[in-house]
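# Remarks on the overall topology
The residues making up each chain are set out below.
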Amino acid sequence: MSFTPLHDRVLVRRIEGDEATKGGLIIPDTAKEKPQKGEVVCVGAGGRREDGERIPMDVKAGDRILFGKWSGSEIKLDGEDVLIMKEGDILGVIA
């Protein structure tokens, strides 16, 4: 993918959730919620402080993350639906 986010933005690929409930019921696509888990595809260089010093990013490509339900902007790159969001929209890294 030939895309690099700017500043403190992160490009995220959603990780799809389960296709069935714990009881074994199949969830149709129309009833599924959008997953709030994702994998970081690439990150920007980081924001800048007032003195111009770069603020390092806390996430890196390959990290699995949790983010808010309404976080980011959905875009299509190379035929794939991805999210671009600010690093501050990320709730945490899944270990």
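Definitions and cut-offs
- Residues numbered from 1 in each chain as written.
- Predicted model: local features only at pLDDT ≥ 70, side-chain atom pairs only at ≥ 80, totals over all residues.
- Heavy atoms only, no water.
- UniProt positions renumbered as here; feature names shortened; annotations may be inferred.
- Helix = DSSP H or I, 4+ residues; strand = E, 2+ residues; numbered from the N terminus.
- Buried < 20%, exposed > 50% of the residue type's maximum accessible area, 1.4 Å probe, protein only.
- Contact = heavy atoms within 4.5 Å.
- Areas by Shrake-Rupley, 256 points an atom, 1.4 Å probe, with all protein chains shown as cover.
- Pairing = 2+ DSSP bridges.

Per an unreviewed UniProt entry, the protein chain goes by Co-chaperonin GroES and derives from Paracoccus lutimaris. UniProt annotates the protein chain under Subcellular location (unreviewed entry) with the comment "Cytoplasm". Turning to the protein chain, the UniProt record has this under Sequence similarities (unreviewed entry): "Belongs to the GroES chaperonin family."

## Re the overall build of the protein chain
Of regular secondary structure, the protein chain possesses zero helices and six strands. Each helix and strand of the protein chain, ordered N terminal to C terminal, gives the series β-β-β-β-β-β. When each of the 95 residues of the protein chain is scored for burial, the buried share is 28%. The contacts of the protein chain with a sequence gap of at least 6 include a subset with a gap of at least 24, amounting to 61%. In the form shown here, the protein chain has an accessible surface area of approximately 6700 Å², with 52% of it arising from carbon and sulfur atoms.

## A few points about the pairing of strand S2 (residues 37-43)
Relative to S2, strand S1 (residues 9-14) runs antiparallel, the two sharing five bridges. Counterpart to Arg-14 in the pairing with S2 is Gly-38. With three bridges connecting them, S2 and strand S3 (residues 64-67) associate as antiparallel partners. Bridging across to S3, Lys-37 finds its partner in Leu-66.

## Some words on unusual backbone geometry
Of note, the phi angle at His-7 is positive, near 55 degrees, even though the residue is not glycine. By secondary structure assignment, the location of His-7 is in the segment before S1. With phi around 50 degrees, Asp-78 is a residue other than glycine that occupies positive phi space. Among the residues examined, Asp-78 registers a relative accessible area of 63% and is labelled exposed.

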